[in-house]
Amino acid sequence: IQYNIYVREADTNRQLYDALLQRYKEIGVAGSVGASNIAVVDRADVPRAPSAPNLPVNLVIALLVGVGIAAVTVLALEQIDEGIKGPGDVWNLLQIPLLGNVPLVDGDPRDELQDPKSHLTEAYFSIRSALAFSTTHGLPRSLCVISSQPSEGKSTTAFALAVVTGRTGKSVLLVDGDLRSPSVHQMIGSPNKAGFSNLLTGENDPEQVILTTEYRGLSVLPTGPLPPSPSELLSSERLHQVIEMLLQRYDHVIFDAPPVIGLTDGPLLARAAEGSLFVMEPGRSPVRGIRAALQRLRMVGGHVFGAIVTKIDINHQQYGYSYGYGYGYGYGY
């Protein structure tokens, strides 16, 4: 019995010893794992400014990217731009003769035309000389000055050609054929009470509606009362009769025609006249628009003698976009 008691005590002590030894080993392993060689070098401080984004660097990058995109855009627009940039593009893009160039003036073109030695007068006299070689009988007796869009210098060109032609000793009649937005009477400072529309509606005495001017050999026929339907008035046979009646009294008849795009008045006048002078401004109308206008003139049987480029800034070697003396249009197109 005593032996069994000792055996049980020995087994109990052995179990306690094994448990204690196991616990001791576990504590030793945990102590070795918990040991580390990490040391604090610098303590973490609260930042005073954000590390990103860097505003100066981003601004420089944005500037470089913007300049690059702008350069690519400009090059692309230059490649797809179809506008007339200068006189050299007339024949290359339109295949029509270039009859002359007109410089850009700062003031009133009428003041420039008073001086026979001014650049504007010399330019239009050169155009008049070029027109003299366009037919077998010299300067066309009936001429229609026309353009694709408003405000390209068409009215000023018609007036200037009439002035320089009158100085050569010829009798010239300037007819305001724009029955929607007349402007020729404003150039000579006269009222627009009677004129072209009266002749088209049956008046047979041109002397009653023609105005004299201070310019040598130049007379003006304003539009007169604006008709409700200019296209119908110009499409009648009366237009040809009126032109023949005027040519019996004057050496040359120059028409200031309305623009071609969007209207039928211009092509109708161009068909009735001996030929047309096409006026264009650099950078204003695309080539496809000018080609469409020329095609419309040819479809109705109109003859185009050639083209002139207006409003050329010869001082800066670039092309301006206004005379400083313009006439408004209100077609609603």
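Residues numbered from 1 in each chain as written. Predicted model: local features only at pLDDT ≥ 70, side-chain atom pairs only at ≥ 80, totals over all residues. Heavy atoms only, no water.

> Could you clarify how one ought to interpret the pattern of salt bridges in this entry?
In total, this model carries seven salt bridges according to the counting rule given. With its nearest N and O atoms 2.8 Å apart, the salt bridge here joins R180 to D265. Placement of R180 in the loop between β3 (172-176) and α7 (184-188) and of D265 in helix α11 (residues 265-272) is noted, with a sequence separation of 85 residues between them. Ionic pairing is found between R249 and E207, a salt bridge with its closest N-O pair at 3.6 Å. Of this pair, R249 sits in the loop between α10 (238-247) and β6 (252-256) while E207 sits in the loop between α8 (196-200) and β4 (211-212), placing them 42 residues apart in sequence. Using a relative accessible area of 48% as the deciding quantity, one classes E207 as partly exposed. (Salt bridge = Lys/Arg side-chain N within 4 Å of Asp/Glu carboxyl O. Helix = DSSP H or I, 4+ residues; strand = E, 2+ residues; numbered from the N terminus. Buried < 20%, exposed > 50% of the residue type's maximum accessible area, 1.4 Å probe, protein only.)

> Would you mind showing me how to read the nonpolar core here?
When a protein is soluble and globular, its nonpolar side chains tend to lie buried together. Of all hydrophobic cores here, the largest spans 44 residues; its most connected members are F196, L221, L246, F278 and M280. Counting residues per element, this core draws most heavily on α10, which supplies six residues. Apart from the residues within four sequence positions on either side, L221 is in contact with L173, L174, V175, D176, G195, F196, L199, V209, I210 and L246. V163, V164, I254 and L277 belong to the second-largest nonpolar core, a separate cluster that totals 31 residues. (Core = buried A, V, L, I, M, F, W, Y, C linked by side-chain atoms within 4.5 Å. Contact = heavy atoms within 4.5 Å.)

> Looking at this model, I keep getting lost on a nonpolar patch on the surface. Mind explaining?
A surface patch of nonpolar side chains, amounting to about 340 Å² of accessible area, comprises V57, I61, V65 and I69. Tracing the backbone shows I69 in helix α2 (residues 55-80). (Patch = residues over 30% accessible without salt bridge, like charges linked within 9 Å, V, L, I, M, F, W, Y side chains within 5 Å. Areas by Shrake-Rupley, 256 points an atom, 1.4 Å probe, with all protein chains shown as cover.)

> Looking at this model, I keep getting lost on helix α6 (residues 154-166). Mind explaining?
An α-helix turns once every 3.6 residues. As a result, residues three or four positions apart point the same way. The end-to-end C-alpha distance of α6 is 18 Å, a good match for the 18 Å that 13 residues give at a rise of 1.5 Å each. With 13 of 13 residues buried, α6 is to be regarded as a mostly interior element. (Expected span 1.5 Å × (residues − 1).)

> Please clarify how the packing of aromatic side chains should be interpreted in this entry.
Aromatic rings considered in pairs are described by the distance between their centres and by the relative angle of their planes. Within the structure shown, the criterion is met by two aromatic pairs. When the ring of F196 is compared with that of F255, the centres are 6.0 Å apart and the planes differ by 55°; the resulting orientation is tilted. In this pair, F196 is assigned in helix α8 and F255 in strand β6, connecting sequence segments 59 residues apart. Judged by relative accessible area, F255 falls into the buried class, the value being 0%. (Phe/Tyr/Trp six-rings, centres within 6.5 Å; stacked < 30°, edge-to-face > 60°.)

> Just to check I follow, could you spell out the environment of G138 for this structure?
Within the secondary structure layout, G138 lies in the loop between α5 (119-132) and β2 (142-147). On the basis of relative accessible area, G138 is assigned to the buried category, the value being 17%. Beyond its immediate sequence surroundings of up to four residues, G138 is in contact with L131 and A132.

> I'm lost on the pairing of strand β7 (residues 275-280) in this one. Help?
Residues in a regular strand point their side chains to alternate faces of the sheet. The element β7 is extensively covered by neighbouring structure, given that six of its six residues are classed as buried. Residue alternation in β7 divides its side chains into two sets, G275, L277 and V279 and S276, F278 and M280, and both sets are buried. Pairing geometry for β7 and strand β8 (residues 304-313), over five bridges, is parallel. Across the sheet, residue L277 finds its bridge partner in β8, namely G306. This β-α-β element, β7 to helix α12 (residues 287-299) to β8, shows right-handed connectivity. (Pairing = 2+ DSSP bridges. Right-handed = clockwise from strand over helix to strand, strands pointing away.)

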